[in-house]
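Coordinates in review
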Amino acid sequence: MATRAKALYIVLLGGPGAGKGTQAELLSKALGIPQVSTGDLFRENLKDETELGLLAKGYMERGELVPDSITIAMVRERLARPDCEAGAILDGFPRTVAQAEALEALLTELGSRLKVVPYIKVSEEVLLSRLAGRWTCRNCGAMYHQLFSPPRQPGVCDKCGGELYQRADDTPETQRHRIQVYFEQTAPLIDYYREKGLLVEVDGQRSISEVQAELLRIIADDRRR
Ligand code: ADP
Ligand code: ADP
Ligand code: ZN
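The rules behind these values
Residues numbered from 1 in each chain as written. Chains lettered and ligands numbered in written order. Predicted model: local features only at pLDDT ≥ 70, side-chain atom pairs only at ≥ 80, totals over all residues. Heavy atoms only, no water. Phe/Tyr/Trp six-rings, centres within 6.5 Å; stacked < 30°, edge-to-face > 60°. Buried < 20%, exposed > 50% of the residue type's maximum accessible area, 1.4 Å probe, protein only. Lys NZ or Arg CZ within 6 Å of the ring centre and 35° of its normal. Donors = N, O, S within 2.8 Å, 3.2 Å for Na, K, Ca; no water. Tetrahedral: all angles 85-135°; square planar, octahedral: opposite > 155°, others 65-115°. pLDDT = per-residue confidence, 0-100. Helix = DSSP H or I, 4+ residues; strand = E, 2+ residues; numbered from the N terminus. Near = heavy atom within 4 Å. Polar contact = N/O pair within 3.5 Å; in protein donor to acceptor, adjacent residues only side chain to side chain. Areas by Shrake-Rupley, 256 points an atom, 1.4 Å probe, with all protein chains shown as cover. Nonpolar A, V, L, I, M, F, W, Y, C, P; charged D, E, K, R; others polar. 1 Å grid on protein atoms, 1.4 Å probe; cavity = no way out; pocket = protein on both sides within 12 Å on 5 of 7 lines; lining within 4 Å. Points joined across faces, edges and corners; volume = space filled by probe spheres on them. Contact = heavy atoms within 4.5 Å.

Thoughts on the packing of aromatic side chains
Ring pairs (aromatic) are described by centroid distance and by the angle formed between their planes. Counted according to the given criterion, the structure contains two aromatic pairs. Ring centres 5.0 Å apart and planes at 85 degrees place the aromatic pair tyrosine 192 and tyrosine 193 in the edge-to-face group. Of the residues examined, tyrosine 192 reaches a relative accessible area of 15% and is grouped as buried. For tyrosine 193, a relative accessible area of 2% puts it in the buried group. Across the ring face of tyrosine 59, the terminal group of arginine 62 is positioned such that the distance to the ring centre comes to 5.3 Å. Above the face of the tyrosine 165 ring, arginine 138 is positioned so that its terminal group lies 4.4 Å from the ring centre.

Examining the coordination of the zinc ion (ligand 3)
With distances of 2.3 to 2.4 Å, the protein atoms coordinating the zinc ion (ligand 3) are Cys137 (SG), Cys140 (SG), Cys157 (SG) and Cys160 (SG). One can describe the site at the zinc ion (ligand 3) as tetrahedral: its four donor atoms subtend angles covering 98 to 115 degrees at the metal.

A short note on the confidence of the model for the protein
Here the protein shows a mean pLDDT of 95. Residues at 70 or above account for 97%. Taken element by element, the protein is modelled with least confidence in helix α9 (residues 208–224), mean pLDDT 89, and with most confidence in helix α8 (residues 188–195), mean pLDDT 98.

Details of the site of ligand 2
By nearness alone, 18 residues border ligand 2, and Gly17, Thr22, Arg134, Tyr144 and Arg206 come closest of all. Between tyrosine 144 and ligand 2, the recorded distance is 2.7 Å, taken from a backbone N or O atom to an oxygen atom. For ligand 2, whose unbound accessible area comes to 570 Å², protein coverage reaches 94%. Every element with two or more residues in the shell around ligand 2 is listed here: α1 (20–31) and β6 (143–145). Split into classes, the residues belonging to the shell around ligand 2 amount to six nonpolar, eight polar and four charged.

A closer look at the layout of surface pockets
Space inside the second largest pocket adds up to approximately 180 Å³. As for the second largest pocket, its lining consists of Thr22, Glu25, Leu26, Met143, Tyr144, Ser149, Asp158, Lys159 and Ile208. Those elements that place two or more of their residues in the lining of the second largest pocket are α1 and β6. Here the lining of the second largest pocket gets three residues from one element, more than from any other, and that element is α1. Of the residues in the lining of the second largest pocket, the class split is four nonpolar, two polar and three charged.

Points about the environment of glycine 63
Along the chain, the position of glycine 63 falls in the loop between α3 (51–62) and α4 (68–79). Judged by relative accessible area, which is 5%, glycine 63 ranks as buried. Sequence separation of glycine 63 and arginine 176 is 113 residues, and the distance between their C-alpha atoms is 8.8 Å. If we skip the residues at most four places from it in the chain, glycine 63 touches Thr174, His177, Arg178 and Val181.

A word on the site of ligand 1
Close to ligand 1 lie 19 residues; Thr38, Glu64, Gly92, Arg134 and Arg178 are nearest. At 2.6 Å from an oxygen atom of ligand 1 is found a main-chain nitrogen or oxygen belonging to glutamate 64. Glutamine 99 places a polar side-chain atom, nitrogen or oxygen, 2.9 Å from a nitrogen atom of ligand 1. Coverage of ligand 1 by the protein chains reaches 96% of its 560 Å² of free accessible surface. Broken down by element, the residue count for the shell around ligand 1 peaks at four residues, all from helix α2 (residues 38–47). Broken down by class, the residue content of the shell around ligand 1 amounts to six nonpolar, five polar and eight charged.

Brief notes about the environment of leucine 215
With respect to the secondary-structure elements, leucine 215 resides in helix α9. Sequence separation of leucine 215 and tyrosine 119 is 96 residues, and the distance between their C-alpha atoms is 9.7 Å. Contacts of leucine 215, omitting those with residues within four sequence positions, involve Leu12, Gln23, Leu27, Pro118, Ile120 and Val202.

The structure is reproduced here in structure tokens:
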């Protein structure tokens, strides 16, 4: 396997609705490395009715985390693919300390390591308002918000003309539960990565383009090191 010593692996941390998916897609285009979203991977498997999709279904519907062993195996397979040789933007993974430890071991195996972990910081209230207005393109996965980032034509994707939908797990009840799960299981990763010297806090309560500019600056700074 080619060495990945120069590859750029980045984890985006933040609560549900913080803007990880939105920013990861933009970063992926700007940097020319793939976005690896565990939520998207699970949703693809669900759509294709694979064994993995069936395993994940109930957890996703309840707004709970899919068990670590299943999630880690899926990410391991994804990162081993050749398109991740130059790096990847990880969005929605890791979400537990066990996942973070598994990622570290996997990157070491691949001859690489994490370069930086931007934490997109957003208040709980704003998380809820973001999730409540989120619309996604059924065809290309592009993200919209009915108030903050509306499509030109309601219900239609600007990029591909596809149909926009609201995710089944974006009901008020599941949203609140996902935020609770985030505080219990994922928020500990903020200190975990801070202690490793990888964490950089980003104020996520600014416009999509301002957040993007800051992320690109952080990544560029890091690369110079
Ligand atoms: P959001 O964008 O609202 O944060 P995601 O699309 O990242 O949500 O994830 C949707 C669901 O997929 C989660 O609620 C969870 O059930 C499952 N999931 C995604 N990533 C992980 C992960 N790293 N570990 C466990 N479950 C995950
Ligand atoms: P996550 O992947 O962290 O769950 P998303 O990228 O799906 O978050 O964003 C959640 C919702 O908030 C989407 O509707 C998106 O259009 C919107 N959004 C993302 N970033 C911002 C921002 N900086 N300002 C306003 N709305 C945003
Ligand atoms: Zn689209």
